[in-house]
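Coordinates in review
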Amino acid sequence: MSYLETAGRIAREAGLMIQAKMGSGFAAEEKSSVFDVVTEVDRASEQLIRQRLEEAYPEHGFLGEEESFAHAGELADRLERAKSEPFVWIVDPIDGTNNYVQGIPGFTVSIALASYGELVAGVIYDPCRDEMFWAEKGEGAFMNGSPIAVSAAPELRLTVVGTGFPSKAANRQAVMESLRTIAPQCRSIRSLGSAALHLAYVAAGRLGAFWEYGLNAWDIAAGVLIIEEAGGKVTDTLGWPYSLTVSHVVGSNGKVHDDLLKPMIEIGI
Ligand code: IPD
Ligand code: CA
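A few points on the structure. Sequence positions are assigned chain by chain, starting from 1 and proceeding in written order. Following the order in which they are written, the chains are lettered starting with A and the ligands numbered starting with 1. Where totals are concerned, whole chains, interfaces and linings use all residues; where local detail is concerned, this predicted model gives features only for residues with pLDDT of at least 70, and gives and counts side-chain atom pairs only at 80 or more. Values reported for side chains reflect all heavy atoms of the structure, with hydrogen atoms and water molecules removed beforehand.

All right, on to the sheet that holds strand β7 (residues 131–136) then. Strand pairing follows a simple DSSP-based rule, namely that at least 2 bridges must link the two strands. The secondary structure listing takes helices from DSSP runs of H or I that are at least 4 residues long and strands from runs of E that are at least 2 residues long, numbered from the N terminus. An order of β3-β4-β5-β6-β7-β8-β9 is seen for the 7 strands of this open sheet, with the pairing classed as mixed. A strand with exactly one partner marks an edge of an open sheet, and here the two such strands are β3 (61–64) and β9 (146–147). Pairing geometry for strand β8 (residues 141–143) and β9, over 2 bridges, is antiparallel. When the bridges of β9 are listed, Phe142 appears paired with Pro147. What makes two residues a contact is simply this: any of their non-hydrogen atoms within 4.5 Å. To obtain each axis, a line is fitted to C-alpha atoms, and for helices this fit is confined to the stretch in contact; angles are then taken between N-to-C directions over 0 to 180 degrees. Against the sheet, helix α1 (residues 3–21) makes contact with β4 (88–95), β5 (108–115), β6 (118–126) and β7, and its axis sits at roughly 30° relative to β6, the strand it touches most. Where helix α7 (residues 195–203) meets the sheet, it contacts β4, β5, β6 and β7, and its direction lies at approximately 105° from that of β6.

Right under this line is the structure:
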């Protein structure tokens with residue numbers, strides 16, 4: 001079985017487990033702040049994914065959102081180190097935990113594989129719609145078996161753009177500031193509550209673009225590869241190329257990228 005097939009199988013297993021536990025009275029608690037929530041299902045999902053990956057590839061590295069939180073001070077070093085490691089799996093066990101806790105559809109499992117810092121495989125599974133998005137380096141991007149491509153919209157005014165509202169105040173402020181300029185220029189704005197879902201939707205042409213400040217590698221790594229393989233473009237908010245340490249991110253169909261970046265370059269982070 002290929003890395004991609006293994007990741008897809010595990011993402012589906014975790015996603016169906018998460019969905020089955022929705023509304024089951026799971027425990028939820030604050031993580032870094034009152035705006036940042038984690039549930040026992042996030043932890044159970046990460047444990048399941050980690051166990052399956054370790055069974056399949058005992059020699060590969062693993063970077064998951066929940067285990068990373070316990071060693072938050074080491075995250076930058078671990079991401080830097082991942083750039084020189086042969087294989088590291090980067091996992092968000094539930095992206096969109098706030099949606100999950102509130103009973104709102106729009107949460108995903110995101111699994112990416114990096115090799116020497118390059119993304120080589122990525123899957124994003126949305127159990128609510130049973131939609132699996134995936135890509136392998138050089139092989140194109142797919143949703144439930146059909147090829148996907150970014151939107152052909154040539155201008156922001158023809159584009160629906162996604163964004164998110166991060167938990168840290170400074171990052172949320174940066175989103176608000178850029179939104180003030182971007183919202184009047186595009187057809188509409190969506191905030192679906194899962195960065196991975198936004199990126200998957202850019203790849204599938206449902207959104208023309210997405211930006212957010214203050215994300216982490218597990219929120220975005222799989223989506224970055226899927227967008228690139230679908231013909232789109234991903235950079236940081238200053239226009240520099242994506243790398244595993246990027247947290248302020250812009251993904252688009254390529255055509256609207258520079259216009260979207262303008263207010264962010266002014267903000268300067
Ligand atoms: C969050 C989601 C959300 C985004 C937040 C992220 P989590 O991830 O991706 O859409 O706005 O910034 O932290 O906590 O649900 O994995
Ligand atoms: Ca998460």
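Turning next to the nonpolar core. Membership of the largest hydrophobic core comes to 42 residues, with the highest contact counts inside it found for Ile90, Leu119, Phe133, Ile226, Tyr242 and Leu244. Mapped onto this core, the elements with two or more residues apiece are α4 (75–82), β4, β5, β6, β7, β8, α7 and α8 (217–229). The element best represented in this core is α8, accounting for 9 residues. How far each domain reaches was decided by an automatic or database domain assignment. In terms of domain composition, this core takes at least three residues from each of domain 1 (3–147) and domain 2 (156–267). Setting aside residues up to four positions removed in sequence, Ile90 forms contacts with Leu63, Ser110, Ile111, Ala112, Ala114, Ala217, Trp218, Ala221 and Leu244. By nonpolar core is meant a set of buried Ala, Val, Leu, Ile, Met, Phe, Trp, Tyr and Cys residues that side-chain atoms within 4.5 Å join together. Burial classes follow relative accessibility: with a 1.4 Å probe on protein chains only, a residue under 20% of its type's maximum area counts as buried, one over 50% as exposed, and anything between as partly exposed.

We now examine the sheet that holds strand β12 (residues 209–212). Spatially, β11-β10-β12-β14-β13 is the arrangement adopted by the 5 strands of the open sheet, whose pairing is mixed. Two strands in the sheet have a free side with no partner beyond their single neighbour: β11 (188–190) and β13 (233–236). Strand-to-strand, the axes of this sheet are offset by a mean angle of 20°, without reference to chain direction. Judged from the 4 bridges that link them, β13 and strand β14 (residues 249–252) form a sheet pairing that is antiparallel. Across the sheet, residue Val234 finds its bridge partner in β14, namely Gly251. The sheet strands contacting helix α6 (residues 169–182) are β10 (160–163), β11 and β12, and the helix crosses β12 at an angle near 150°.

By convention in this text, a residue qualifies as near a molecule or strand provided that one of its non-hydrogen atoms is within 4 Å of it. Close to ligand 1 lie 15 residues; Asp95, Gly96, Thr97, Ala195 and Glu212 are nearest. Definition of a polar contact: a pair of N or O atoms within 3.5 Å, with one able to donate and the other able to accept a hydrogen when the atoms are protein atoms, and with sequence-neighbouring residues admitted only if both atoms are side-chain atoms. Separating an oxygen atom of ligand 1 from a backbone N or O atom of Gly96 is a distance of 2.7 Å. Residue exposure ignores everything except the shown protein chains as possible cover, and the areas themselves are Shrake-Rupley values with a 1.4 Å probe. Compared with its free state, where it exposes 380 Å², ligand 1 has 85% of that area covered by protein. Per-element accounting of the shell around ligand 1 gives the leading share, 3 residues, to β4. Here the residues of the shell around ligand 1 sort into 5 nonpolar, 5 polar and 5 charged. Residues lining the shell around ligand 1 come from more than one domain, with at least three contributed by each of domain 1 (3–147) and domain 2 (156–267). Classification convention: Asp, Glu, Lys, Arg as charged; Ala, Val, Leu, Ile, Met, Phe, Trp, Tyr, Cys, Pro as nonpolar; all other residues, Gly among them, as polar.

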